[in-house]
Amino acid sequence: MKNRHDLMRTCEMHGTSYYYTCPDCLKPYLKATPFSSLDEIRHYQREMAKEVNQNDIVRDHEVVGIIKIKFQENLAHIGYLRYSLVEKKISSFKMTSLEPIFTRYFPSVLFLNHSNLYLKIINELEKQPDCYLLNSSGRIHPFFYGAACDVGKQINIPVIGYTESLLFGTILKEKNSSLLQITCEGETIGMGVPRPNSKKYYYISVGNNISLVSAVRVFLAIDFSVFSELKRRINKAIQERKQEKK
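The following refers to the structure shown. The structure presented is a predicted model; accordingly, all values stated were derived computationally and were not measured.

1. Observations concerning the pattern of salt bridges
One pass over the full model with this rule turns up eleven salt bridges. Measuring nitrogen to oxygen at the nearest pair gives 3.1 Å for the salt bridge that ties E47 to K50. On the basis of relative accessibility, which here comes to 62%, the residue K50 falls in the exposed class. E124 is the partner of K94 in a salt bridge, and the nearest nitrogen-oxygen pair spans 3.5 Å. Within this pair, whereas K94 is found in strand β5 (residues 89-98), its partner E124 is found in helix α3 (residues 111-124), the two being separated by 30 residues in sequence. Overall, K94 belongs to the partly exposed group, its relative accessible area being 28%. Accessibility expressed as a relative area gives 30% for E124, which makes it partly exposed. When salt bridges that share partners are traced, they join K94, K120 and E124 into one network.

Below, the structure written as structure tokens:
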């Protein structure tokens, strides 16, 4: 179980007690955001979480856009793969790099930094997929509003969030299934999907405009080797850009 109260910490620098992110450490980084305090951010997350649509706005999801962000040397490198669920293959790859608002890691408020990065590459695409799969939390979040939700609220395309580690929630093993339920106070907020040849899981949750059932169905229709391929292509593109600058 990972609940808000389980993760209370005390900041060594400020002596502040906090859950997930120290408000005093975060405050200097908020100058380039619409928020002036962590309290304002939490209020926004709570209110916006109520508006997340957990119903399907489209019936068929044949093409998914998979996006991952890699931070390196003060830059955010955003990689996009267009993937056919029908043909089980990648049809295109795109990467863009830019300076993020900040590079420091602040768990549970990543949307401050990540949402604009995701939207940057999404808005550059000539052809949109049927849904997006973002390497960020959706409703598996202490305030039920991760970056996948924030991006999903700003576009009219279904968004799914996936992560390789679990930030929040209680794990329940499903009977006669390899899947895990991720719950909070009796509500299922996401699912754990086993990785091939591993004891680890991918954690899937709704971003917006899609049901959890459909989100899991889309995810299971993907050849999981595509995630390694996306990482490989991002790393290759980074190295090629470095060589071009020499």
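2. Notes on the packing of aromatic side chains
According to the stated counting rule, one finds 20 aromatic pairs in the structure shown. The interplanar angle of 65° and the centroid separation of 5.3 Å between the aromatic rings of F35 and Y44 together place this pair among those described as edge-to-face. Ring-pair connections join several aromatic residues into one group, and the members of that group are Y162, Y202, F219, F224 and F227. For R195, the ring lying beneath its charged end belongs to Y202, and the centroid distance is 5.1 Å.

3. Focus on the nonpolar core
Grouped together as the largest cluster of nonpolar side chains are 35 residues, with contacts concentrated most on I66, L133, F219, I222 and F227. Take this core: its biggest share by element is six residues, from helix α6 (residues 225-245). Setting aside anything within four residues of it in sequence, one finds F219 in contact with L133, Y162, V193, Y202, I204, F224 and F227. Counting residues in hydrophobic clusters, the runner-up holds 18 residues, among them I69, Y80, L119 and V159.

4. Overview of the sheet that holds strand β9 (residues 180-184)
Spatially, β5-β4-β3-β6-β7-β11-β10-β9-β8 is the arrangement adopted by the nine strands of the open sheet, whose pairing is mixed. Of all strands in the sheet, those bounded by a partner on one side alone are β5 and β8 (170-173). Taking the axes of each pair of neighbouring strands and ignoring which way they run, one obtains an average angle of 25° across the sheet. When strand β4 (residues 75-84) meets β5, the two strands line up antiparallel, connected through nine bridges. Paired with Y80 across the strands is K94, a residue of β5. Along the sheet, α3 contacts β3 (63-72), β4, β5 and β6 (131-134); its crossing angle with β3, the most-contacted strand, is approximately 130°. Its contacts with the sheet place helix α5 (residues 212-220) against β6, β7 (159-163), β10 (187-194) and β11 (201-208), and it is angled at close to 10° to β10.

About the thresholds
- Residues numbered from 1 in each chain as written.
- Predicted model: local features only at pLDDT ≥ 70, side-chain atom pairs only at ≥ 80, totals over all residues.
- Heavy atoms only, no water.
- Salt bridge = Lys/Arg side-chain N within 4 Å of Asp/Glu carboxyl O.
- Buried < 20%, exposed > 50% of the residue type's maximum accessible area, 1.4 Å probe, protein only.
- Helix = DSSP H or I, 4+ residues; strand = E, 2+ residues; numbered from the N terminus.
- Phe/Tyr/Trp six-rings, centres within 6.5 Å; stacked < 30°, edge-to-face > 60°.
- Lys NZ or Arg CZ within 6 Å of the ring centre and 35° of its normal.
- Core = buried A, V, L, I, M, F, W, Y, C linked by side-chain atoms within 4.5 Å.
- Contact = heavy atoms within 4.5 Å.
- Pairing = 2+ DSSP bridges.
- Axes fitted to C-alpha atoms, helices over the stretch in contact; angles between N-to-C directions.

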